[in-house]
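# Notes for the structure review
Here are the chains, one letter per residue:
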Amino acid sequence: MNSRGGPAGLLREDRFDDLFERMLTLWAAIDFSDCSTWFERSETVASAFASLEGAVDLAAMNSAVHRAIAVDAPFEVPVRELVDRAVAREVFEVEMRRVLLGAAGVWRLTEVEVARGYFV
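Quick look at the structure, then. (Residues numbered from 1 in each chain as written. Predicted model: local features only at pLDDT ≥ 70, side-chain atom pairs only at ≥ 80, totals over all residues. Heavy atoms only, no water.)

### A closer look at the packing of helix 1 (residues 13-29) against helix 2 (residues 38-49)
Between helix 1 and helix 2, the shortest axis-to-axis distance is 10 Å and the interhelical angle comes to 110°. By the angle between their directions, the pair helix 1 and helix 2 is classed as roughly perpendicular. Residues M23, L26 and W27 of helix 1 lie in contact with helix 2, whose contacting residues are W38, R41, S42, V45 and F49. Of the residues belonging to the contact of helix 1 with helix 2, the class tally is six nonpolar, one polar and one charged. (Axes fitted to C-alpha atoms, helices over the stretch in contact; angles between N-to-C directions. Helix = DSSP H or I, 4+ residues; strand = E, 2+ residues; numbered from the N terminus. Parallel < 35°, antiparallel > 145°, perpendicular 65-115°, else oblique. Contact = heavy atoms within 4.5 Å. Nonpolar A, V, L, I, M, F, W, Y, C, P; charged D, E, K, R; others polar.)

Dropping the structure here:
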């Protein structure tokens, strides 16, 4: 066990950065004209990958991006400029550790394996 990383080890920064960039690209590509809150925007993004099998990392990253944007952030500013990467990283890491520990609900083995891949 790594004293800094816990039983799962340290978060793989390269994997986090790759998924973080992809999620920001997805957020930038979606039409949010019918959304009046950041929560509605997050739900719209989630619907884009809701049917994918083993998308626990996408769900966690979407949540991380949403939670890393200030509640009163203006909609007209690109999301890439609004997201606090450090907050998103922390939220993502906590959510993925919850998956590994089974604390995030009932998870399938495929989802646990996806989560495990984000740690060294």
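### Remarks on the pattern of salt bridges
Scanning the model with the defined rule gives eleven salt bridges in all. With its nearest N and O atoms 3.2 Å apart, the salt bridge here joins R85 to E13. You can see R85 sitting in helix 5 (residues 85-101) and its partner E13 sitting in helix 1, a full 72 residues away along the chain. A salt bridge links R116 to E113; the nearest nitrogen and oxygen atoms lie 2.5 Å apart. Here R116 and its partner E113 are both found in helix 6 (residues 109-116), three residues apart, which amounts to about one turn of the helix. R116 gets classed as partly exposed once you look at its relative accessible area, which sits at 44%. Note on E113: relative accessible area 40%, which makes it partly exposed. The network of salt bridges with shared partners includes E13, D17, R85, R89, E93 and R97. (Salt bridge = Lys/Arg side-chain N within 4 Å of Asp/Glu carboxyl O. Buried < 20%, exposed > 50% of the residue type's maximum accessible area, 1.4 Å probe, protein only.)

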